[in-house]
Amino acid sequence: RSMKKIFILFPLFIILFSCSQNLPELNTVSGTVIYDFEDEEKKPDLRLGVFVDVSSDVHRAEFLKIVCTQNDFEWECNRPLKVTNEKKQYAGYANFVMPGNDSFPQGKYTVFYTDANGNEESCVMNVSYSTEILQMTSVKTAEYLKPLHAVENLAVFDEEAVLIFYGEKTEDLQDIESVWRKYPEADSARTVWTRNNGKEMCIFPLVYKNGKKVVEENGTDSRDSDTE
């Protein structure tokens, strides 16, 4: 009788154990092509941000792999960033780059998501962007974006480089100078243009309240405060 009881309990244990494994559940995946302008005179660096909208516990996100359908290029992220709010959970990474800083192939990519138990799910996303911007400075890019119904945002940071505000320009927040008036604790800011439902993002050079950052010969950063 005891052997029969063990035999019955064993498959029940397997069923219960399997149910306790919170399998990954993916809703959508989004890719954002990021043009990062480090300097007003330079063309942008290009990178790709990929985030997966997760229904299961995002804290168990362990690994992301991106595969380009066109050429089988692969990118991996061993420690994805985990972001949660009241309604959504995201896991992803915002700094995928091409070898040699080349441009990303446009078209379909497959995103593989793996949780802490080794369970894997995948989604397909499409990458499409304006290659013209790759040949522009930030000033030219602003002129290019304005008639395309792009959205102009401001990102504001404190002295610790912590983001204290991000959003569209408003009546009392029209330019960088108005940032310093509205946010006395602000230390730096960047203009960020978005378009194509957030699938393209242009991040303009960082501006400091007390002048531009200067990289000294010993590698440390200082500020030119003459403009204060």
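Residues numbered from 1 in each chain as written. Predicted model: local features only at pLDDT ≥ 70, side-chain atom pairs only at ≥ 80, totals over all residues. Heavy atoms only, no water.

Q: Kindly report on the confidence of the model for the protein, identifying the contributing residues and their values.
A: Any residue range with low pLDDT should be treated as having predicted coordinates unsuitable for detailed reading. Per-residue pLDDT for the protein has a mean of 83; in total, 82% of the residues score no lower than 70. Every residue in residues 2-20 scores below 50 in pLDDT, and together they form zero contacts with partners more than four places removed in sequence or on other chains. Counting contacts from residues 214-228, a segment whose pLDDT is below 50, to residues more than four positions away or on other chains yields 22 contacts. (pLDDT = per-residue confidence, 0-100. Contact = heavy atoms within 4.5 Å.)

Q: Lay out helix α2 (residues 138-145) with the relevant residues and their values.
A: Inspection of α2 places S138, T141, A142 and L145 among the buried residues, and these make up the whole buried set. Projected down its long axis, α2 shows its buried positions confined to an angular sector of 100°, all on one face. Tucked inside the fold, the buried residues of α2 contact β11 (188-195) and β12 (200-203). (Buried < 20%, exposed > 50% of the residue type's maximum accessible area, 1.4 Å probe, protein only. Helix = DSSP H or I, 4+ residues; strand = E, 2+ residues; numbered from the N terminus. Arc of directions from axis to C-beta.)

Q: Can you tell me about the side chain of E200, naming the residues and giving the values?
A: Along the chain, E200 falls in strand β12. Of the residues examined, E200 reaches a relative accessible area of 3% and is grouped as buried. Here R195 takes part through its side chain, which lies 2.7 Å from a polar atom of the side chain of E200. (Polar contact = N/O pair within 3.5 Å; in protein donor to acceptor, adjacent residues only side chain to side chain.)

Q: For unusual backbone geometry, give the residues involved together with the corresponding values.
A: Of note in this structure, A161 is not a glycine but carries a positive phi near 65°. Tracing the backbone through its elements, the reader meets A161 in the loop between β9 (151-157) and β10 (163-168). By relative accessible area, which is 57% here, A161 ends up exposed. Backbone geometry at N197 places phi at a positive 55°, although glycine is not the residue there. If you trace the backbone, N197 turns up in the loop between β11 and β12. Accessibility expressed as a relative area gives 82% for N197, which makes it exposed.

Q: Quick one: what's the story with the nonpolar core, residue by residue and with numbers?
A: Counting residues in each nonpolar core, the largest one holds 36 residues, and the members touching the most others are Y35 and M125. Sorting the residues of this core by element identifies β1 (26-36), β2 (45-54), β3 (61-68), β4 (74-77), β6 (89-96), β7 (107-115), β8 (120-127) and α2 as the ones contributing at least two each. With five residues, the single largest contributor to this core is β2. Residues within four places of Y35 in sequence aside, it is in contact with P44, D45, L46, Y129, S130, I133, L134, E200, M201, C202 and I203. With 10 residues, the next largest nonpolar core counts L154, L173, I176 and V179 among its residues. (Core = buried A, V, L, I, M, F, W, Y, C linked by side-chain atoms within 4.5 Å.)

Q: Any details on the pairing of β7? Residues and values, ideally.
A: Looking along a regular strand, one sees side chains alternate from face to face of the sheet. Of all the nine residues making up β7, seven are buried; the element is thus mostly covered by neighbouring parts of the structure. Pairing between β3 and β7: seven bridges, direction antiparallel. Bridge pairing in β7 places F63 opposite T114. The turn joining β7 and β8, which pair antiparallel and follow one another in sequence, is formed by four residues; a positive phi near 85° is taken by G118. (Pairing = 2+ DSSP bridges.)

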